[in-house]
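# Working through the structure, step by step
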Amino acid sequence: MNYDLTPQQLELQKRVREFADTVVAPAAYQYDTERRLPMEIIAQMGEMGLFGLPFPAEYGGGGGTYADLCLAVEALARVDQSIAVTLEAGVGLGIMPIFRYGTEEQKRRWLPDLLAGRALAGFGLTEANAGSDAAGTETTAVLEGDGEDAVWVINGTKQFITNSGTPITSVVTITAVTGQSTRPDGSIKKELSSILVPTDTPGFTAEPSYDKVGWHTSDTHPLTLTDVRVPAANLLGERGRGYANFLRILDEGRIAFAALCAGAAEGCFDEALRYAKQRTVFGHPIGENQYVAFKIANMQARAHTAHLTWMDAAKKMVAEMPFKMEASIAKMVTSNAAMDNARDATQVWGGYGFMNENAVARHYRDSKILEIGEGTTEVQLMIITRELGLSA
Ligand SMILES: Cc1cc2nc3c(=O)[nH]c(=O)nc-3n(C[C@H](O)[C@H](O)[C@H](O)COP(=O)(O)OP(=O)(O)OC[C@H]3O[C@@H](n4cnc5c(N)ncnc54)[C@H](O)[C@@H]3O)c2cc1C
């Protein structure tokens, strides 16, 4: 595998890093305190073409690859994980299902605004009894009527759905039980399907935001669906293929999520190195203490490894090689790296690292979710174990 970036990717990386350093970073503390997603920054990201990076020009995309999206996510996460996850989930979970499984009509309806960043989409999989075990889905969708008048009537609740309640959220893909069959052993097999729910549909409610430990700027809501009626044509992909389809979406999504983690790990390293050179204690910079220097060397090793692991998974995905295990390894390794670097960076910053105005404090609060979201560390271990042919 060649891990060199192309000239276009280097240019993209430079452009997004500059935007992150000059626009996102200076405002990050304010938005974190206000706990709101800055729509003006999302609009700028839309104008920069970030939401359309891996999609073809015919839908308004940039014609790049999934690795390009990951580079942009990584560059943003160095300074602000909430902004980075808005892009990562917006594309990886919001747009990708429509792009991969949508009919031409569905793509033409939804993609142009989503790719331009004028609209955002969510992906509603998680429920109170369906997190790590997505087969626990209880939301139901019942087909009523025939022909062109047929509608899905959807009832249920979803938990923790990113980008689902912003002023520009136009659609959420939800997973629902659309039928069931009995296996030979008598147990029930649920038929899971994905359905597009426009957010202005009566009965769809994005409930008030959560009070989260971190990712304060990212938009996250529980959703309630009460007798939500959408046309039968809003089925996304084949009926009954919902489970298989979202597993593919989650596999890909883990690579972009890993890039987010790698960016966070790098941001923590940068902050620790800078501070260790300037902070003088006992008459000399703290970085001259071998214990501090080794801590920072370890942080660099983690950040470097994190970058390489998502690149490896992304390169394989783009080359249409098997990438499931690599994506899980990347998600697990990079989220651990981010959490470890956030803890170490805060330690290097001492008491100042515990003050929310400093980026390391935000990374410290933000990084825990990296080991939980888009499949916990334990779920990644289960996937890797199964890929190795062992039972988990
Ligand atoms: C901020 C945020 C944003 C999110 N965004 C989205 C989104 O946009 N869309 C969406 O659908 N979901 C979203 N989620 C949900 C997220 O993906 C889930 O929280 C996650 O998958 C874990 O599910 P759970 O919380 O139900 O934990 P559980 O499944 O209840 O797990 C609890 C603990 O048990 C462990 N565990 C469970 N089973 C096993 C086992 N067999 N072996 C070993 N350990 C096990 C888990 O690893 C975990 O540590 C988001 C969550 C958060 C917090």
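Refer to the structure presented above.
Residues numbered from 1 in each chain as written. Predicted model: local features only at pLDDT ≥ 70, side-chain atom pairs only at ≥ 80, totals over all residues. Heavy atoms only, no water.

### Focus on the overall build of the protein chain
Our working definition: Helix and strand labels come from DSSP, where a helix needs a run of H or I of at least four residues and a strand needs a run of E of at least two; each type is numbered from the N terminus. For a compact globule the rule gives 2.2 Å times the number of residues to the power 0.38, and the radius of gyration it is set against comes from C-alpha atoms. The rule is simple: take the accessible area with a 1.4 Å probe, protein chains only, and divide by the maximum for that residue type; under 20% is buried, over 50% is exposed, in between is partly exposed. Each accessible area is a Shrake-Rupley estimate made with a 1.4 Å probe; only the visible protein chains count as cover when residues are assessed. In this tally Asp and Glu are treated as negative and Lys and Arg as positive; neither His nor the chain ends contributes. Taken as the charge centre is NZ of Lys, CZ of Arg, CG of Asp or CD of Glu, depending on the residue.
Within the protein chain, the secondary structure is distributed over 10 helices and 10 strands. Taken over C-alpha atoms, the radius of gyration comes to 21 Å for the protein chain, in line with the 21 Å a tight globule of 392 residues would show. Each principal axis of the C-alpha atoms in the protein chain carries an extent, and together these give about 80 × 50 × 40 Å. Counting every position in the protein chain, which comprises 392 residues, the buried fraction comes to 54%. Working note: accessible area of the protein chain is about 17,000 Å², and carbon and sulfur atoms make up 54% of it. Where the 35 positive side-chain charges of the protein chain centre and where its 48 negative ones centre are 4 Å apart.

### Some words on the nonpolar core
Put simply, the test is: Residues belong to a common nonpolar core when they are buried Ala, Val, Leu, Ile, Met, Phe, Trp, Tyr or Cys residues joined through side-chain atoms within 4.5 Å. In what follows, a contact means two residues having at least one pair of non-hydrogen atoms within 4.5 Å.
In terms of nonpolar packing, the biggest core is built from 81 residues, with Met45, Leu50, Leu76, Leu87, Ile255 and Trp310 touching the most fellow members. Ranked by residues supplied to this core, first place goes to helix H6 (residues 242–278) with 13 residues. Non-local contacts of leucine 50, meaning those with residues more than four positions away in its chain, are made with Leu12, Val16, Met45, Leu69, Ala72, Leu76, Leu87 and Val91. Counting residues in each nonpolar core, the second largest holds 15 residues, with Trp152, Ile174, Phe204 and Leu225 among its members.

### Some words on the site of the ligand
As a reminder of what qualifies: Residues are classed as near a molecule or strand on a simple rule: at least one heavy atom within 4 Å of it. Polar contacts here mean pairs of N or O atoms no more than 3.5 Å apart (in protein, one a potential hydrogen donor and the other a potential acceptor; neighbouring residues in sequence count only if both atoms are side-chain atoms). Each residue gets one of three labels, nonpolar for Ala, Val, Leu, Ile, Met, Phe, Trp, Tyr, Cys and Pro, charged for Asp, Glu, Lys and Arg, and polar for the others, Gly among them.
Taken together, the neighbourhood of the ligand is formed by 17 residues, with Thr126, Ser132, Phe160, Thr376 and Glu378 sitting nearest. The backbone of phenylalanine 123 places a nitrogen or oxygen atom 2.8 Å from a nitrogen atom of the ligand. Measuring from an oxygen atom of the ligand, one finds a side-chain N or O atom of glutamate 378 at 2.7 Å. Elements that contribute at least two residues to the shell around the ligand include exactly strand E3 (151–162) and helix H10 (377–387). Sort the elements by how many residues they give to the shell around the ligand and E3 lands first, with 3 residues. Class assignment for the residues of the shell around the ligand results in 9 nonpolar, 6 polar and 2 charged.

### Looking at the side chain of aspartate 219
Note the following rule: By convention in these notes, a salt bridge is any Lys or Arg side-chain nitrogen within 4 Å of a carboxyl oxygen on Asp or Glu.
Locating aspartate 219 in the fold gives a position in the loop between strand E6 (204–206) and strand E7 (220–231). Among buried charged residues, aspartate 219 stands out as having no salt bridge; its nearest opposite-charge side chain is lysine 212, 7.5 Å away. Ignoring sequence-local partners within four residues, the contact set of aspartate 219 consists of Leu37, Ile161, Thr162, Asn163, Ser164, Gly165 and Thr166.

### Focus: the packing of helix H3 (residues 66–77) against helix H4 (residues 81–101)
Selection criterion: Structural elements are reduced to axes, namely lines fitted to C-alpha atoms, with helices fitted over the stretch in contact, and the angle between N-to-C directions of any two is expressed from 0 to 180 degrees. Geometric relationships in this document are graded by angle, where less than 35 degrees denotes roughly parallel, more than 145 denotes roughly antiparallel, 65 to 115 denotes roughly perpendicular, and other angles denote oblique. Take the far helix as your reference; a near helix turned counterclockwise from it by less than a right angle gives a left-handed crossing, and one turned clockwise gives a right-handed crossing.
At their nearest, the axes of H3 and H4 sit 7 Å apart, and the two run at 155° to each other. By the angle class used here, H3 and H4 are roughly antiparallel. Crossing handedness for the pair H3 and H4: left-handed. Contacts from Tyr66, Leu69, Ala72, Val73, Leu76 and Ala77 in H3 reach Gln81, Ile83, Ala84, Leu87, Glu88, Val91, Gly92 and Met96 in H4. For the contact of H3 with H4, the class distribution of residues is 11 nonpolar, 2 polar and 1 charged.

### With respect to the pattern of salt bridges
The final tally for this structure, using the stated rule, is 26 salt bridges. Between aspartate 312 and lysine 316 there is a salt bridge whose closest N-O contact spans 3.2 Å. With aspartate 312 and lysine 316 both in helix H7 (residues 290–318) and 4 residues apart, this pair spans about one turn of that helix. Given the relative accessible area of 15%, aspartate 312 is considered buried. With a closest N to O distance of 3.6 Å, glutamate 326 and lysine 316 form a salt bridge. Remark: lysine 316 occurs in helix H7 and glutamate 326 occurs in helix H8 (residues 324–348); sequence separation between them is 10 residues. The class for lysine 316 is buried, based on a relative accessible area of 15%.

### Quick word on helix H5 (residues 104–115)
The line we're drawing: To estimate the expected span of a helix, count its residues, drop one, and scale the result by 1.5 Å. Each direction from the helix axis to a C-beta atom contributes to the arc, which is the arc of those directions.
Given a rise of 1.5 Å per residue, 12 residues ought to cover 16 Å, and the 15 Å separating the end C-alpha atoms of H5 matches this to within 8%. The set of residues buried in H5 consists of Gln106, Lys107, Trp110, Leu111, Leu114 and Leu115. All buried residues of H5 project into a common sector of 115° when viewed along the axis, lining one side. In H5, the exposed positions that point more than 90 degrees away from the buried face belong to Glu105 and Arg109. On its buried side, H5 packs onto H4, strand E1 (120–124), strand E4 (169–182), strand E5 (188–198) and strand E8 (235–236). Following H5 by one or two positions, glycine 117 has its phi on the positive side, about 75°.

### What about unusual backbone geometry?
Residue arginine 35 is not a glycine yet carries a positive backbone phi of 55°. Among the secondary structure elements, arginine 35 is positioned in the loop between helix H1 (7–34) and helix H2 (39–47). Within the chain, asparagine 163 stands out as a residue other than glycine whose phi angle is a positive 65°. Within the fold, asparagine 163 resides in the loop between E3 and E4. Residue asparagine 163 is classed as buried on the basis of its relative accessible area of 0%.

### Some words on the pairing of E5
We count it as follows: Here, strands pair whenever DSSP counts at least two bridges between them.
The pairing of E4 with E5 spans 11 bridges and is antiparallel. Across the sheet, threonine 173 pairs through a bridge with leucine 196, a residue of E5. Hairpin connection between E4 and E5: a loop of 5 residues separates the two successive antiparallel strands, and glycine 186 in this loop has a positive phi of roughly 90°. Note: E5 against E8, 2 bridges, orientation antiparallel. Its bridge partner lying in E8, serine 194 is registered against leucine 236.

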